[in-house]
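Each chain is listed here by its residues.
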Amino acid sequence: NAGVTQTPKFQVLKTGQSMTLQCAQDMNHEYMSWYRQDPGMGLRLIHYSVGAGITDQGEVPNGYNVSRSTTEDFPLRLLSAAPSQTSVYFCASSRQGGGEQYFGPGTRLTVT
Amino acid sequence: GENVEQHPSTLSVQEGDSAVIKCTYSDSASNYFPWYKQELGKRPQLIIDIRSNVGEKKDQRIAVTLNKTAKHFSLHITETQPEDSAVYFCAASDKAAGNKLTFGGGTRVLVKP
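Criteria and cut-off values
Residues numbered from 1 in each chain as written. Chains lettered and ligands numbered in written order. Predicted model: local features only at pLDDT ≥ 70, side-chain atom pairs only at ≥ 80, totals over all residues. Heavy atoms only, no water. Pairing = 2+ DSSP bridges. Helix = DSSP H or I, 4+ residues; strand = E, 2+ residues; numbered from the N terminus. Contact = heavy atoms within 4.5 Å. Buried area = accessible area lost by both parts, 1.4 Å probe. Salt bridge = Lys/Arg side-chain N within 4 Å of Asp/Glu carboxyl O. Polar contact = N/O pair within 3.5 Å; in protein donor to acceptor, adjacent residues only side chain to side chain. Disulfide = S-S within 2.5 Å. Buried < 20%, exposed > 50% of the residue type's maximum accessible area, 1.4 Å probe, protein only.

Asks: Outline the pairing of strand β8 (residues 72-77) of chain B, listing residues and values.
Replies: All names here are of chain B. Both strand β3 (residues 19-25) and β8 contribute to a ladder of six bridges, which runs antiparallel. Residue Thr-24 lies in a different strand from β8, and its bridge partner there is His-72. Two elements, strand β7 (residues 62-67) and β8, share six bridges in a ladder whose sense is antiparallel. By the bridge assignment, Asn-67 is partnered in β8 with His-72.

Below is the structure:
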């Protein structure tokens, strides 16, 4: 099993550009989530999904969209990048019913 | 929503000493409390977790205690080693709220040889 994979590993965007961060898992987990981690800070939940076709907002959803068309994939879209979105983004998954969340390797995003 | 506070933000210990990190949470409905370790430039990884029906759990040099009445839980690392140096995060989640994890701000632990 590859676990949770994320692409790209690094990305530089200009203000106003849009892009999609990819996340996939091969563990048949129902629950998937996106976090952002700013320097010296904890992880803040952006959006999450409890299953295919179901998504909901987390703590800091503004400026981001998600969709969950399959169990495996949970892409995060930045609509119009802003410097405040410079961060490390982690995708995570867990089996339905709670328990350990498995994190992907992260995407380091810089918006200039 | 849930709020998790974590203290201290930094912790320096001598190798072989113990380290204790404390977290408080606000939502009494939270029922799952994991601890994650994050090494520099790496992803967070679960090191131990506890559910609300258990007061204490131990795994080798690591233990977690939970006080539901006071709404706080703690991580204890004994006989610290240099490889324990990392950032540690506590978190809390509520199954009824879709298992959303709310994280504390993290504790940077430095084990001095």
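From this point, the narrative continues.
Asks: Quick rundown of the interface of chain A and chain B? Include the residues and the values.
Replies: Taken together, the contact between chain A and chain B spans 21 residues of the former and 18 residues of the latter. At the boundary of chain A with chain B, total buried surface from both sides reaches about 1600 Å², with 55% on carbon and sulfur atoms. Interface area lost by chain A to chain B is led by Leu43(A), Glu100(A) and Phe103(A), which between them contribute 28%. Counting every contact that joins chain A to chain B gives zero salt bridges. Run the count over chain A and chain B and you get four residue pairs in polar contact (both at pLDDT 80 or more).

Asks: Could you give me a rundown of the environment of Gln60(B), with the residues and numbers involved?
Replies: With respect to the helices, strands and loops of the structure, Gln60(B) is situated in the loop between β6 (56-59) and β7. Spatially, the C-alpha atoms of Gln60(B) and Ala29(B) are 29 Å apart, while their sequence positions differ by 31 residues.

Asks: Can you lay out the state of the cysteines for me, pointing to particular residues and giving the numbers?
Replies: Note on terminology: a disulfide is the covalent bond linking the sulfur atoms of two cysteines. Considering all chains together, one arrives at two disulfides over all chains under this definition. A disulfide bridge connects Cys23(A) with Cys91(A), and the sulfur atoms are separated by 1.8 Å. Negative torsions about the S-S bond denote left-handed disulfides, and the value of about -70° found for Cys23(A) with Cys91(A) makes this one left-handed. Residue Cys23(A) is found in strand β3 (residues 19-25), and its partner Cys91(A) is found in strand β9 (residues 87-94); the two are separated by 68 residues along the sequence. Classification of Cys23(A) as buried rests on a relative accessible area of 2%. Here Cys23(B) is linked by a disulfide to Cys90(B), with a sulfur-sulfur distance of 1.9 Å. In this structure, the disulfide formed by Cys23(B) and Cys90(B) twists by about -100° around the S-S bond and is classed as left-handed. Of the two residues, Cys23(B) is situated in strand β3 and Cys90(B) in strand β9 (residues 86-94); the sequence distance between them amounts to 67 residues.

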